[in-house]
Structure formats: C-alpha cells, structure tokens
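Breakdown of the fold
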Amino acid sequence: MKKSFLLLHIAVVLAGFTGIFGKLISINEIGLVWFRALFSMILLYLILKGSRKFQTYDRESKWLLIASGLLPGLHWLLFYASIKYSNISIGVICFCTTGFFSALLGPLVAGKRFSSREVLLSLLTVIGVGLIFHFDTSYRLGITLGLISSMIGSLYMLTNEKLIRRYDAAMINYYQMTGITLSIGLLIPVYVYASPVAIKLMPTGADIGYLLILASFCTIAIYVMVAESLRRISAFTVSLSFNLEPVYSILLAVLFFHEGRQLNLAFYAGLLIIITSVLLQMLLSIKTSK
C-alpha cells in the first residue's frame, strides 16, 4: 500500500511538470502537441509490442478509439496555448475548473445523476478563477483558452469512462495518441494559414530532449504509475490526488520562472478558494463513502 501511494504521488508530481515543459519548449503549441503525441505513440507501441500486450481490435473499434483522440488533442492544444499566452500558473489554475464542467456535463454526456453539492462546491473554484481573472487584463486570452481547455478535458474524461469498460486502458491510450497525431497533423496547415503571427514548428535539439522527457515521463510513465497504483488504491483516491497537480505546477513555476513576482493578492486569494473547494470535496466524499 505504501508503495502504491508513493507511485501515485510521484505521478502527480510528474503531471505538475507538464506546464513547465509547455513553457520551456520553444515551438508553437500545435507543434508541441503533435510531437508529444507522436513520441508517446511510438514509445507506447514499442512498450506494448515488447511486453507482448499489444491487442488487435476490429476496424470499427480502432477508428472509434482513434476518433476519441480528438478531445484530448484539443484539450492539450488549448492548455498549452493558455500557457503560451499567459503563464504556467494561469494555465494550471484554469485546469481546476474541470470538476465544475464535469458536474454540469456529467448528467448530459454520461447519464449521471445531477449533484447539486458537486455544482455548489465547484462554483467555489469558479469564484477563485474569477478573482484570478481580474488580476491582470493581459492574461485574459490565456484564461479564456484555459477554461475552454478544461471544458473539453471534462468531456474527454466522461467519454473515457465508457471506453474503459470495453477496451484495455493501454490500447485506448495508444490509439488516442494515434488519433491526436493524425488530427493535429491535418490541422497544422490550417493553423499556420490562419495564424496572424509566424508559427515555429521545427523543434531545436533542446526541444526534442524536452519532448522526449514529456512523452516518456509525463505521459507514458504517469500512465504506468497510475495503473500500478490502481491495483491497491481506489479510482476515487487517484482522481482526488490529481487535484494537487496545479499546486505542484505553481510551486515549480515560482521555482524555475520566478512567476511569484507577477502574481498579486487577488491571485493568491483565488488560489486559496480553489484549494478550499478541493479540500471540501475531499472531506465530504470521504464522509459519504464511509
């Protein structure tokens, strides 16, 4: 049990680094997402083939799983765009609103029972983001992109709950990485044409190194650690633990990029409200499960 919790915590810390790499990698967000998905797809294929765990599905299932990669692809694209147009702290704080969108969209998408408690608690997160929204008008575009990213991320998690009941988790991940690679690859020419500014798509040597770390440690390794943790820890505990990801990202952003100098009292007040919302949801859920 201790080993499982240790692996889970390491996975959450690694997830906190995704925002850091989004800032370190110099290429545009669409190139970043494409290379991350491509490298992850290749690494997953090699791991699954090497461990003889690669499974063959019928054509309909393959295309269903590949198509499901569109949602995480858009989620990643907007998440990294949010960071590029604001900063790491803003991008990961917007990620906290995923729970709010899940509470609203769950009854519509997954047929879940509407929970007024979840909506009310999630509204605290929205209030926190609202405080952060006004701390600097120059970050409004980044915040808007981050909020849309969170909404798409919640749709991705809700649809994935259905897929996990029918298919192997590793194979879902592999085909979704394939779907992201294909869909984002087709989108790149349109993105370049429509962009009002020049887009950098070709990574430098340093970028390739960062992308390989992002794909291996912050994508594949996280999946392996979470899967191993689920042998002894409930999915509820795993999901709840990942609410700490934005906290780690902000601490890392302050450490590596000194973002604390750009943040004022309204930002920290909003952050405190968001953390309070997470803790309240945790305490009430644990009380209910007893």
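Residues numbered from 1 in each chain as written. Predicted model: local features only at pLDDT ≥ 70, side-chain atom pairs only at ≥ 80, totals over all residues. Heavy atoms only, no water.

In this section: the confidence of the model for the protein chain. Summary statistics for the protein chain give a mean pLDDT of 82 and a share of 88% for residues scoring 70 or more. Within the protein chain, the lowest mean pLDDT, 60, falls on helix α11 (residues 235–241), and the highest, 95, falls on helix α3 (residues 59–67). (pLDDT = per-residue confidence, 0-100. Helix = DSSP H or I, 4+ residues; strand = E, 2+ residues; numbered from the N terminus.)

A separate point is the environment of leucine 201. With respect to the secondary-structure elements, leucine 201 resides in the loop between α9 (169–194) and α10 (205–229). Ignoring any residue separated from it by four or fewer positions in sequence, one finds leucine 201 in contact with Ile27, Ile30, Gly31, Phe35, Ile188 and Val192. (Contact = heavy atoms within 4.5 Å.)

Further remarks concern unusual backbone geometry. One non-glycine residue, arginine 52, lies in positive phi territory at about 55 degrees. Relative to the helices and strands, arginine 52 is located in the loop between α2 (29–50) and α3.

Here the focus is the packing of helix α4 (residues 70–85) against helix α5 (residues 88–95). Where α4 meets α5, the axes come as close as 7 Å, and the angle between the chain directions of the two elements is 140 degrees. By the angle between their axes, α4 is oblique relative to α5. On α5, the residues touching His75, Phe79, Ser82 and Ile83 of α4 are Ile88, Gly91, Val92 and Phe95. The residue makeup of the contact of α4 with α5, split by class, is 5 nonpolar, 3 polar and no charged. (Axes fitted to C-alpha atoms, helices over the stretch in contact; angles between N-to-C directions. Parallel < 35°, antiparallel > 145°, perpendicular 65-115°, else oblique. Nonpolar A, V, L, I, M, F, W, Y, C, P; charged D, E, K, R; others polar.)

Among the surface-exposed residues, Ile42, Tyr45 and Leu46 lie close enough to one another that they form a single nonpolar patch of about 280 Å² accessible area. On the basis of relative accessible area, leucine 46 is assigned to the exposed category, the value being 53%. (Patch = residues over 30% accessible without salt bridge, like charges linked within 9 Å, V, L, I, M, F, W, Y side chains within 5 Å. Areas by Shrake-Rupley, 256 points an atom, 1.4 Å probe, with all protein chains shown as cover. Salt bridge = Lys/Arg side-chain N within 4 Å of Asp/Glu carboxyl O. Buried < 20%, exposed > 50% of the residue type's maximum accessible area, 1.4 Å probe, protein only.)

On to α2, then. Across its 22 residues, α2 extends 31 Å between first and last C-alpha, which sits within 8% of the 32 Å expected from 1.5 Å per residue. The backbone nitrogen of isoleucine 30 lies 3.1 Å from a side-chain oxygen of the residue at the head of α2, namely asparagine 28. The first or second residue beyond α2 is arginine 52, which carries a positive phi of 55 degrees. (Expected span 1.5 Å × (residues − 1). Polar contact = N/O pair within 3.5 Å; in protein donor to acceptor, adjacent residues only side chain to side chain.)

Summarising the element assignment, serine 86 is placed in the loop between α4 and α5. With a relative accessible area of 8%, serine 86 lands in the buried category. Among the polar contacts made by the side chain of serine 86, one reaches the main-chain carbonyl oxygen of serine 82 at a distance of 2.4 Å. Filtering out sequence-adjacent residues up to four positions away, serine 86 remains in contact with Lys23, Gly91, Tyr139 and Gly142.

Here we come to the layout of surface pockets. By volume, the second largest pocket amounts to about 370 Å³. Every element with two or more residues in the lining of the second largest pocket is listed here: α2 and α10. Here the element with the most residues in the lining of the second largest pocket is α10; it accounts for 5 residues. Here the lining of the second largest pocket is composed, by residue class, of 8 nonpolar, 2 polar and 4 charged. (1 Å grid on protein atoms, 1.4 Å probe; cavity = no way out; pocket = protein on both sides within 12 Å on 5 of 7 lines; lining within 4 Å. Points joined across faces, edges and corners; volume = space filled by probe spheres on them.)

Let us now look at the side chain of serine 82. Looking at where serine 82 falls in the secondary structure, it is placed in helix α4. On the basis of relative accessible area, serine 82 is assigned to the buried category, the value being 0%. A distance of 2.6 Å separates a polar atom in the side chain of serine 82 from the backbone oxygen of glycine 142. With near-sequence residues (within four places) excluded, serine 82 lies in contact with Asn87, Gly91, Gly142, Ile143, Leu145 and Gly146.

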